[in-house]
Amino acid sequence: MNPKDEPIVFVVDDDPAMRDSLKWLLESVGLRTTTYGRAQDFLDDYRPGQAGCLLLDVRMPGMSGLHVQQKLPEHGIHLPVIIITGHGDVPMAVAAMKYGAVDFIEKPFNDQLLLDCVQHALQHDRSQRQEHNRRREVVERFESLTRREREVMELVVQGLSNKAIADALTVSRKTVEVHRAKVMDKMQAESLSDLIQMAMVVGILREFADAEAEAETTE
Amino acid sequence: MENVSESYETRHHQTLEALTRLQRAAARLPASTRQKLAVALAQLQLTLQALEEPATRQDRESLYRFHDEQLELTRQGTLSEMIRVLGHELNQPLAAIVNYARGTVRRLEAGSPPETVREGLSRIAQQADRAGEIIKRLRGFVRKGEFQRAPLDIRELIQEMVQFSRPEARRARVEVEVRLDDHLPRVMGDKVQIEQVILNLLRNAIEACHHQDTRQVTLRTRQPDSQRLVVEVVDTGHGLPPGDPEQLFTQFYTTKPKGLGLGLGISRSIIEAHGGQLWAEPHSDGGACFAFTLPIAQEKRR
């Protein structure tokens, strides 16, 4: 396994005892944990692509948890964020969720609740990462196609027959068949429906993707 | 109409007596009214003082006593606020204890060696101590102490007050830095009163940083000679208001929207009663520096 794929729970809290005790708790269930007293140290230290999640105390001197959260994208950090708030800090928690935190947890908290939150965030990170990788691979494959192959692929996924494609591109049917086989091979598509899904990923089948999304929301 | 033949001393004495009676009566009033009255009385007292500097030792003592009492009222008024702040602060060690304890239980269940358990327990004990310290500080605030002078560890006092104002600093997103000399001599003073002065300056400094880009408060000490220790509270706040810095110390002068304008005047009285000085000066970085001196305790060498 790539070392970056082994998730790390990052803890940013200005209270030394809080971060040390969180590390103690998280490590007791075998979670790799790294702690920081200042948000800037975390931002400086984070290696892009490292899997994991981020536990942020909402109130810190210097840079508050909410501020850090907003700064993550510009640092290319897409980790799920769990915000830790003091008792009764509901407005802060609401703001944190608006900025895209996956969860918030009130201090002092039940350890099982925290661990569940962390596991959930790590799961979220994992699937986000898998999805991201899958998309990247499909895009890379698509980029390896020649111009002509892309044209053929666009028409294939619109459901045109080889003959219709040949007419549209004013080439022989035989040529279309060769290109088509090449496309299937290069895209590593097992079937036409496979190829259609990939076409949606790279965005050459916008109408289909939108129609499907609509169908899903109306379900 | 006042009798012009009456000497100033007589009038002064009568007024002081009236004030004392008022204060006694005030003790029976509800806290909020009492505080308003205290403010009014302070103004009266200050006017009196302005009329003529209290020449006699008795007058001066009476003035200090008044300030002490006023301080006590302020202390009671902010007690609920303090309990709230301390409650918040207690949450930290308690949450840490829970984490350590649960983590230790999980390690035990997973068959970790006894050293791990010992480590966990010792960290729990540490945090319990910390919680105890916070409670001790609360007691120190509530205790109505006599004006006592004893050798004080100023380092400890400063650190306690910084700790106490931490939630406030966190809220205001102000970084509080403590830069103290390694070998600080002890100073002579009343612990509760000196704490009050440090806290007052610290809170002012934190508040002054509001809306500033850089929000930093630094507490430091220096020792200009063998007699005195200087404590400085430096902030990167909005700086001193234009004009004479001395106006800051007059009662009811305030730049804060909700300030009473009493804190600095009271703080100065306390420090002066200790034989020290308290003053303000602009800081080179644009903020302000509030400094006070305290006499160094002359201790026998051991």
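Small disclaimer: the values here were computed from a predicted structure and weren't measured.

Conventions and cut-offs
- Residues numbered from 1 in each chain as written.
- Chains lettered and ligands numbered in written order.
- Predicted model: local features only at pLDDT ≥ 70, side-chain atom pairs only at ≥ 80, totals over all residues.
- Heavy atoms only, no water.
- Helix = DSSP H or I, 4+ residues; strand = E, 2+ residues; numbered from the N terminus.
- Buried < 20%, exposed > 50% of the residue type's maximum accessible area, 1.4 Å probe, protein only.
- Contact = heavy atoms within 4.5 Å.
- Areas by Shrake-Rupley, 256 points an atom, 1.4 Å probe, with all protein chains shown as cover.
- Axes fitted to C-alpha atoms, helices over the stretch in contact; angles between N-to-C directions.
- Parallel < 35°, antiparallel > 145°, perpendicular 65-115°, else oblique.
- Nonpolar A, V, L, I, M, F, W, Y, C, P; charged D, E, K, R; others polar.
- Phe/Tyr/Trp six-rings, centres within 6.5 Å; stacked < 30°, edge-to-face > 60°.
- Lys NZ or Arg CZ within 6 Å of the ring centre and 35° of its normal.
- Pairing = 2+ DSSP bridges.
- Buried area = accessible area lost by both parts, 1.4 Å probe.
- Salt bridge = Lys/Arg side-chain N within 4 Å of Asp/Glu carboxyl O.
- Core = buried A, V, L, I, M, F, W, Y, C linked by side-chain atoms within 4.5 Å.

### With respect to the overall build of chain B
Check the secondary structure of chain B and you find nine helices and seven strands. For chain B, buried positions account for 43% of its 302 residues. A fraction of 72% describes how many contacts in chain B between residues 6 or more apart in sequence connect residues 24 or more apart. Of the accessible surface of chain B, which amounts to about 16600 Å², a share of 52% is contributed by carbon and sulfur atoms.

### Notes on the packing of helix 6 (residues 147-157) of chain A against helix 9 (residues 192-202) of chain A
Residues and elements named next belong to chain A. It is the contact of helix 6 with helix 9, at a shortest axis distance of 10 Å, that shows an interaxial angle of 110 degrees. Classified by the angle their axes make, helix 6 and helix 9 are roughly perpendicular. Contact with helix 6, carried on its side by Met 153, Val 156 and Val 157, involves Leu 192, Leu 195, Ile 196 and Ala 199 of helix 9 and no other residues of that element. Tallied by class, residues from the contact of helix 6 with helix 9 come to seven nonpolar, no polar and no charged.

### So, the packing of aromatic side chains
Each aromatic ring pair is specified by the distance between its two centres and by the angle formed by the two planes. Within the structure shown, the criterion is met by six aromatic pairs over all chains. Relative to B:Tyr100, the ring of A:Trp24 has its centre 6.4 Å away and its plane inclined at 70 degrees; by these criteria the two rings are edge-to-face. With A:Trp24 in helix 1 (residues 16-28) and B:Tyr100 in helix 4 (residues 79-109), this pair bridges two chains. Side by side, A:Trp24 and B:Tyr100 carry an identical accessibility label, which is buried. Seen from their ring centres, A:Phe42 and A:Tyr46 are 5.7 Å apart, and the 50 degrees between their planes marks the pair as tilted. As far as burial versus exposure is concerned, A:Phe42 and A:Tyr46 are alike and both buried. Here the basic side chain of A:Arg150 rests over the ring of A:Phe142, its NZ or CZ set 5.0 Å away from the ring centre. Across the ring face of A:Trp24, the terminal group of B:Arg107 is positioned such that the distance to the ring centre comes to 3.9 Å.

### Describing the pairing of strand 4 (residues 81-85) of chain A
Side-chain direction in a regular strand flips from residue to residue, so the side chains alternate between the two faces of the sheet. All names here are of chain A. Most of strand 4 sits inside the fold, with five of its five residues counted as buried. Where burial is concerned, the two faces of strand 4 agree: the one with Val 81, Ile 83 and Thr 85 and the one with Ile 82 and Ile 84 are both buried. Bridge count for strand 3 (residues 52-57) against strand 4 is four bridges, and the pairing is parallel. Paired with Leu 55 across the two strands is Ile 82, which belongs to strand 4. As paired elements, strand 4 and strand 5 (residues 103-106) share four bridges and run parallel to each other.

### Some remarks on the interface of chain B and chain A
Contacts between chain B and chain A engage 24 residues on the former and 26 residues on the latter. Around 2400 Å² of area is buried between chain B and chain A when both sides are counted, 51% of it from carbon and sulfur atoms. Ranking the residues of chain B by area buried against chain A places B:Asn99, B:Arg106 and B:Arg170 at the top, with a combined share of 28%. The interface formed by chain B and chain A contains eight salt bridges. We note a salt bridge from A:Asp57 to B:Arg170, for which the minimum N-O separation is 2.9 Å. The set of elements that each furnish at least two residues to the side of chain B that touches chain A consists of helix 4, helix 5 (114-142) and helix 7 (166-172) of chain B.

### Some remarks on the sheet that holds strand 4 (residues 216-222) of chain B
Residue and element names in this part refer to chain B. The sheet built from five strands is open, its strands ordered 2-4-5-7-6 with mixed pairing. Across the chains shown, the open sheet's two edge strands, defined by having one partner strand only, are strand 2 (175-179) and strand 6 (278-282). Averaged over all pairs of adjacent strands, the angle between strand axes in this sheet comes to 20 degrees, irrespective of strand direction. As paired elements, strand 6 and strand 7 (residues 288-295) share five bridges and run antiparallel to each other. The residue bridging Trp 279 from the neighbouring strand is Ala 291, located in strand 7.

### Comments concerning the nonpolar core
Ranked by internal contacts, the top residues of the largest apolar core, which has 39 residues, are B:Ile154, B:Ile198, B:Val217 and B:Phe292. Elements with a contribution of two residues or more to this core: helix 6 (154-164), helix 8 (191-208), strand 4, strand 5 (228-235), helix 9 (263-273), strand 6 and strand 7 of chain B. Looking at this core element by element, the count peaks at eight residues for helix 8 of chain B. If near-sequence neighbours (up to four positions away) are discounted, B:Ile154 is found in contact with B:Leu184, B:Pro185, B:Val187, B:Ile194, B:Ile198, B:Leu229, B:Val231 and B:Leu294. Residues A:Val11, A:Cys53, A:Cys117 and B:Ile124 belong to the second largest nonpolar core, which totals 27 residues.

### Observations concerning the pattern of salt bridges
A complete count under the given rule lists 28 salt bridges over all chains for this structure. With its nearest N and O atoms 3.5 Å apart, the salt bridge here joins A:Asp41 to A:Arg38. A relative accessible area of 33% means that A:Asp41 is categorised as partly exposed. Put simply, A:Asp14, A:Asp15, A:Asp57, B:Arg130, B:Arg166 and B:Arg170 are held in one network by salt bridges that share partners.

### Concerning the sheet that holds strand 4 of chain A
Residue and element names in this part refer to chain A. Spatially, five strands are ordered 2-1-3-4-5 in an open sheet, and the strand pairing comes out parallel. In this open sheet, the two edge strands, each paired with only one partner strand, are strand 2 (32-36) and strand 5. With strand direction ignored, the average angle separating the axes of adjacent strands in the sheet is 20 degrees. Packing of helix 5 (residues 111-143) onto the sheet brings it into contact with strand 1 (8-12), strand 3, strand 4 and strand 5, and relative to strand 3 it is tilted by some 135 degrees.

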